[in-house]
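In case you want the letters, here they are:
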Amino acid sequence: MEQRMLRCTVFVLLLLLAAATTACAEDPLVYITETGEKYHREGCRYLERSRIPIPLSTAVSMGYDPCGHCNPPPPSSALGGPAESRELYRLNVAGVEQPGEADLARMTRAVVVRHVDGDTVYVSIPRPPKGLKRYESLRFIGVDTPETVHPQKTVERFGKEASEFTRGQLLNRPVYLAFDWQLRDRYDRLLAYIYLPDGICFNAVLVREGYAHAYTRFPFQFLEQFRALERSAREQGRGLWGSEE
Ligand SMILES: [Zn+2]
């Protein structure tokens, strides 16, 4: 009896190993560049200095074009996914009540290709809708993380932690973008809600976990919700609301 169980376990493990090996072979990592025009295979002579690794299936489903030189054939599983919206998805117009109710299928797909600080990144947008560029500096709507890179200010308490959190969660990851009343700030940065593939609004996470203040100087769709998240973070002493040692 025991021996049969053991044999069964070994068989299942072998099956899993085979599945994992197949997945890797069919969906290798490819590299997109900061300009977000194309993707290359490992070893392509046109690979540039800045290489952002993502699975081939993700690159294809997001609409990146293959490099004409290394021209990796797309995996069949990546074709025929749902068509993404070519309109900007504005949450104020859509009247979404809570950040978590927003519809990923209507958002603009992007990859975070460069990290600046807790509330600012650069994204590559493979199929930019009208009004957006392929490469954008992006400021998160409704949040303000403590300053880490401002030349005229000293580094604020908890700024480094917030910055590292954003880097760890977002850099080189595919994300979804939604917008509000105002598309850009006075520095021409894109103002967006940034969503993770599991439907979580990262802006809200920053406030909820105490990595950011709710930034309420300008009106936005979730102003009251973000205020409430900040209140509970403060009450529970999370992140920047924690006691100083
Ligand atoms: Zn190439």
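Small disclaimer: the values here were computed from a predicted structure and weren't measured.

Time to look at the sheet that holds strand β9 (residues 174–178). The strand order around the closed barrel formed by 5 strands is β5-β6-β7-β10-β9, and the pairing between neighbours is mixed. Adjacent strand axes in the sheet meet at a mean angle of 55 degrees, parallel and antiparallel pairs treated alike. Two strands pair when backbone bridges link them, and strand β6 (residues 120–124) and strand β7 (residues 135–140) are joined in this way by 5 bridges, in the antiparallel orientation. Looking across to β7, one finds that Val-123 is bridged to Glu-136. Along the sheet face, helix α4 (residues 159–170) touches β5 (108–117), β6, β7, β9 and β10 (190–195) and points at about 145 degrees away from the line of β5.

A few words on the pairing of β5. Across the 10 residues that make up β5, a large majority, 8, are buried. One ladder, built from 4 bridges, connects β5 with β9; its direction is antiparallel. Following the sheet pairing, Val-111 is matched in β9 by Pro-174. Examined bridge by bridge, β5 and β6 share 5 bridges and lie antiparallel to one another. Its bridge partner being in β6, His-115 is matched across the sheet by Val-121. Two successive antiparallel strands, β5 and β6, enclose a turn made up of 2 residues.

Turning our attention to the pattern of salt bridges. Oppositely charged side chains are able to pair whenever their charged atoms sit close together. Applying the stated criterion across every chain yields a total of 11 salt bridges. Between Glu-42 and Arg-51 there is a salt bridge whose closest N-O contact spans 3.7 Å. Arg-184 is paired through a salt bridge with Asp-188; the nearest N and O atoms lie 3.7 Å apart. Residue classification places Arg-184 among the buried residues on the basis of a relative accessible area of 19%.

Time to look at the sheet that holds strand β3 (residues 52–55). The strand order across the open sheet formed by 4 strands is β3-β1-β2-β4, and the pairing between neighbours is mixed. Looking along the sheet, the strands with just one partner apiece sit at the ends: β3 and β4 (65–66). With 4 bridges joining them, strand β1 (residues 29–32) and β3 adopt antiparallel strand pairing. What sits directly across from Ile-32, in β3, is Ile-52.

This part takes up the pairing of β7. Most of β7 sits out of view: 5 of its 6 residues are buried. When β7 meets β10, the two strands line up parallel, connected through 3 bridges. In the strand pairing of β10, Arg-139 is matched with Leu-191.

Right, let's talk about the side chain of Asp-185 for a bit. Secondary-structure assignment places Asp-185 in the loop between β9 and β10. Residue Asp-185 is classed as buried on the basis of its relative accessible area, which comes to 17%. In terms of polar contacts, Asp-185 uses its side chain to reach the side chain of Arg-189, at 2.8 Å.

Procedures and definitions
- Residues numbered from 1 in each chain as written.
- Predicted model: local features only at pLDDT ≥ 70, side-chain atom pairs only at ≥ 80, totals over all residues.
- Heavy atoms only, no water.
- Pairing = 2+ DSSP bridges.
- Helix = DSSP H or I, 4+ residues; strand = E, 2+ residues; numbered from the N terminus.
- Axes fitted to C-alpha atoms, helices over the stretch in contact; angles between N-to-C directions.
- Contact = heavy atoms within 4.5 Å.
- Buried < 20%, exposed > 50% of the residue type's maximum accessible area, 1.4 Å probe, protein only.
- Salt bridge = Lys/Arg side-chain N within 4 Å of Asp/Glu carboxyl O.
- Polar contact = N/O pair within 3.5 Å; in protein donor to acceptor, adjacent residues only side chain to side chain.

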